[in-house]
Amino acid sequence: MKFRLFALACLAATPALAQDKPVLTVYAGDSVTSEWGPGPRIEEGFEAFCNCDLQFVTGDLLPRILMEGSGTQADIVLGLNTDVTARARASGLFAPHGQDTSGLSLPISWDDEIFLPYNWGETAFVYDTTRLENPPDSFQALLDAPEDLKIVIQDPRSSVSGLAMLLWVKAAFGDDAPEAWARLAPKVLTVTKGWSEAYGMFTEGEADMVLSYTTSPAYHIAAEGDETKKAAIFPEGHYFMAELVAQVASTDQPELAQSFMDWVLTPDFQQVIPLANWSLPANLPQEDWPQVMRDLPRPEKTLFYSEDEAEAMRQPALDEWLRAFSQ
């Protein structure tokens, strides 16, 4: 009984204690706050020194922040990606991050004063060595593969990885992208709304390959002891993606928000990324990456479009994709 009374007293006291602390509201994607994502460790790490209550709000980031405008409750937006920053920047809703980005551990240069990368990776097709003994060794070989090869990809209209593949195909094949899509389409078992559904089908054995990232096998190796999942590395290059964090200009917690931005590039934050976000840290030298990340094969060629190029290319590339998959 005493324990029960004590527990009830603690439950009653918790809201009052929380109300005494300022709240930092962070809009983030669903994957960030999942139990296997980096959200819980980010929350714990920041609250350890901010004397605040970090609260995640999950959902579709860009549409929500554009709809809410300057009246948004968000102080920080965590998880935008490099292919949508043109629309985000044009909104005028974000403030400069104030960080030195000259020494970031990215394969591209970065001088954006608004959007700060906190992780990065490259698109790739992941396969299971027990199902596919001789995977395509190039993007061209993938197009030439028999049509009974089963691939799962994501819809570029609803998925950031699907959008990245649009740009990957465009960067790799240029004006021949429509032909590339036409040759790839017969091998696509299905197009899913998001990455999770596609990857779930792959791990359940429904497909030979899935559109994912070069770092995806690290999860299977580190968390499951499974070395049968590999990323097919193509000489044509792989498309770069970074997830970004930005401070909302209209925040009513500007000091807390700036403190969070100041923390993002520190080793404390960056060391969370590899084994929680299963991607590469934006500001950590390779010798400080976990061994499983250092051992992964890396593409020799990185493909990337600037935000203006990506925005200009998005609709024409989507039209090409739709024509291939509507036949």
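Structure first, text after, so check above.
Described in the following lines is the structure provided in the data block. (Residues numbered from 1 in each chain as written. Predicted model: local features only at pLDDT ≥ 70, side-chain atom pairs only at ≥ 80, totals over all residues. Heavy atoms only, no water.)

Description of the packing of aromatic side chains
Stated formally: The pairing test for Phe, Tyr and Trp rings, Trp by its six-membered ring, is centres within 6.5 Å, and the orientation test on the planes gives stacked under 30 degrees, edge-to-face over 60, and tilted for anything in between. Numbering of helices and strands runs from the N terminus; a helix is a DSSP stretch of H or I covering at least four residues, while a strand is a stretch of E covering at least two. Lysine and arginine charges are scored as sitting over a ring when NZ or CZ, respectively, is within 6 Å of the ring centre and within 35 degrees of the ring normal.
Applying the stated criterion across every chain, the model contains 25 aromatic pairs. Measuring from ring centre to ring centre gives 5.1 Å for Phe139 and Phe173, while their planes differ by 80°; the resulting arrangement is edge-to-face. Here Phe139, found in helix α6 (residues 139–144), pairs with Phe173, found in helix α7 (residues 160–173); they are 34 residues apart in sequence, far enough to count as distant. Through pairs of rings, three or more aromatic residues link up here, namely Phe46, Phe49, Tyr118, Phe260, Trp263 and Phe269. Above the ring of Tyr27, the side-chain terminus of Arg64 is found at 4.7 Å from the ring centroid.

A short note on unusual backbone geometry
The criterion, for reference: For every residue, the accessible area (1.4 Å probe, protein chains only) is compared with the maximum for its type, and the residue is labelled buried under 20%, exposed over 50%, or partly exposed between those bounds.
Unlike most non-glycine residues, Asn51 shows phi in positive territory, near 50°. Along the polypeptide, Asn51 turns up in the loop between α3 (39–50) and β2 (53–58). Positive phi outside glycine occurs at Trp278, with the angle close to 55°. Counting through the fold element by element, Trp278 comes out in the loop between α12 (267–270) and β11 (280–281). Here Trp278 falls in the buried class, since its relative accessible area comes to 16%.

Some details on the state of the cysteines
Disulfide: a covalent bond connecting the sulfur atoms of a pair of cysteines. Rules: Note that a disulfide, as used here, is simply two cysteine sulfur atoms within 2.5 Å.
According to the stated counting rule, one finds 1 disulfide in the structure shown. The disulfide partner of Cys50 is Cys52, and the S-S distance across this bridge is 2.1 Å. For the disulfide bridge between Cys50 and Cys52, the dihedral angle about the S-S bond is near -90°, and by the sign convention the bridge is left-handed. Like Cys50, the residue Cys52 is buried in the burial classification.

Things to note about the nonpolar core
Counted only if it meets this: For this analysis, a nonpolar core means a set of buried residues of the types Ala, Val, Leu, Ile, Met, Phe, Trp, Tyr and Cys, connected via side-chain atoms within 4.5 Å.
Counting residues in hydrophobic clusters, the biggest one holds 93 residues, and the most contacted among them are Phe94, Phe125, Phe139, Met165 and Phe260. Counting 10 residues, the second-largest nonpolar core is a separate cluster that includes Ala124, Ala198, Ala207 and Ala231.

A word on the packing of α3 against helix α11 (residues 254–264)
Quick reminder of the rule: Comment: axis = line fitted to C-alpha atoms, over the contacting stretch for helices; angle = value between 0 and 180 degrees taken between N-to-C directions. The labels follow the angle: roughly parallel below 35 degrees, roughly antiparallel above 145, roughly perpendicular from 65 to 115, and oblique for the rest. For a crossing to be left-handed, the near helix must be turned anticlockwise from the far one by less than a right angle; the clockwise case is right-handed. In what follows, residue pairs with any heavy atoms lying within 4.5 Å of each other are defined as contacts.
Running from N to C, α3 and α11 cross one another at 120°; their axes reach a closest spacing of 11 Å. Judged by the angle between their axes, α3 and α11 are oblique. Read as a crossing pair, α3 and α11 show a hand that is right-handed. Here Ile42, Gly45, Phe46, Phe49 and Cys50 of α3 come into contact with α11, specifically with Leu256, Ser259, Phe260 and Trp263.

Thoughts on the pattern of salt bridges
The condition that has to hold: In what follows, salt bridge is the name for a side-chain nitrogen of Lys or Arg lying within 4 Å of a carboxyl oxygen of Asp or Glu.
For the structure on display, the rule yields 12 salt bridges. The salt bridge partner of Arg89 is Asp112, with a shortest N-O separation of 2.4 Å. Here Arg89, found in helix α5 (residues 85–90), pairs with Asp112, found in the loop between β4 (94–95) and β5 (116–128); they are 23 residues apart in sequence, far enough to count as distant. Accessibility expressed as a relative area gives 32% for Arg89, which makes it partly exposed. When the shortest N-O distance is used, the salt bridge between Arg298 and Glu122 registers 2.9 Å. Here Arg298, found in the loop between α13 (291–294) and β12 (302–303), pairs with Glu122, found in strand β5; they are 176 residues apart in sequence, far enough to count as distant. Glu122 gets classed as buried once you look at its relative accessible area, which sits at 0%. Salt bridges here are not isolated pairs; linked through shared partners, they connect Arg87, Glu311 and Arg314.

Re helix α8 (residues 177–184)
Counted only if it meets this: Picture the helix axis, draw a direction to every C-beta atom, and the arc is the one those directions span.
Along α8, the residues that are buried comprise Ala177, Ala180, Trp181 and Leu184. Buried residues of α8, viewed axially, fall in a sector of 95°; they line one side. Looking at the buried residues of α8, the elements they touch are α6, β6 (151–154), α7, β7 (188–192) and α14 (307–325).

Thoughts on empty space enclosed by the protein
If you roll a probe as big as a water molecule over the atoms, it shows you where there is empty space left. Keep this limit in mind: A pocket, in this scheme, is an open set of points on a 1 Å grid over the protein atoms alone with protein on both sides within 12 Å along at least 5 of 7 lines, while a cavity is a set where a 1.4 Å probe fits but cannot get out; residues line either one if an atom lies within 4 Å of a point. Grid points are joined across faces, edges and corners, and a volume is the space filled by probe spheres set on the points. When residue character is reported, Ala, Val, Leu, Ile, Met, Phe, Trp, Tyr, Cys and Pro are called nonpolar, Asp, Glu, Lys and Arg charged, and the others, Gly included, polar.
For the coordinates displayed, the defined rule picks out 1 cavity of 30 Å³ or more. Lining the largest cavity, in full, are Thr214, Thr215, Leu280, Met293, Leu296, Pro297 and Arg298. A class-by-class count of the residues in the lining of the largest cavity yields 4 nonpolar, 2 polar and 1 charged.

Focus: the layout of surface pockets
For the second largest pocket, the calculated volume is near 200 Å³. In this structure, the second largest pocket is lined by Thr82, Thr85, Arg89, Ile108, Ser109, Trp110, Asp111, Asp112, Leu244, Phe304, Ser306 and Glu307. For the lining of the second largest pocket, the residue count by class is 4 nonpolar, 4 polar and 4 charged.

Focus: α14
Here is the rule we go by: What a helix is expected to span follows from its residue count: subtract one and scale by 1.5 Å. To get the bend at a given residue, fit one axis to the seven residues ending there, fit another to the seven starting there, and take the angle between those axes.
For α14, with 19 residues, the first-to-last C-alpha span of 26 Å sits near the 27 Å given by 1.5 Å per residue. Of all bends in α14, the biggest is about 40°, found at Arg314, and the proline Pro316 comes one to four residues later. Among all positions of α14, only Glu307, Ala310, Met313, Ala317, Leu318, Glu320, Trp321 and Ala324 are buried. Of the surrounding elements, those touching the buried residues of α14 are α5, β6, α7, α8 and β7.

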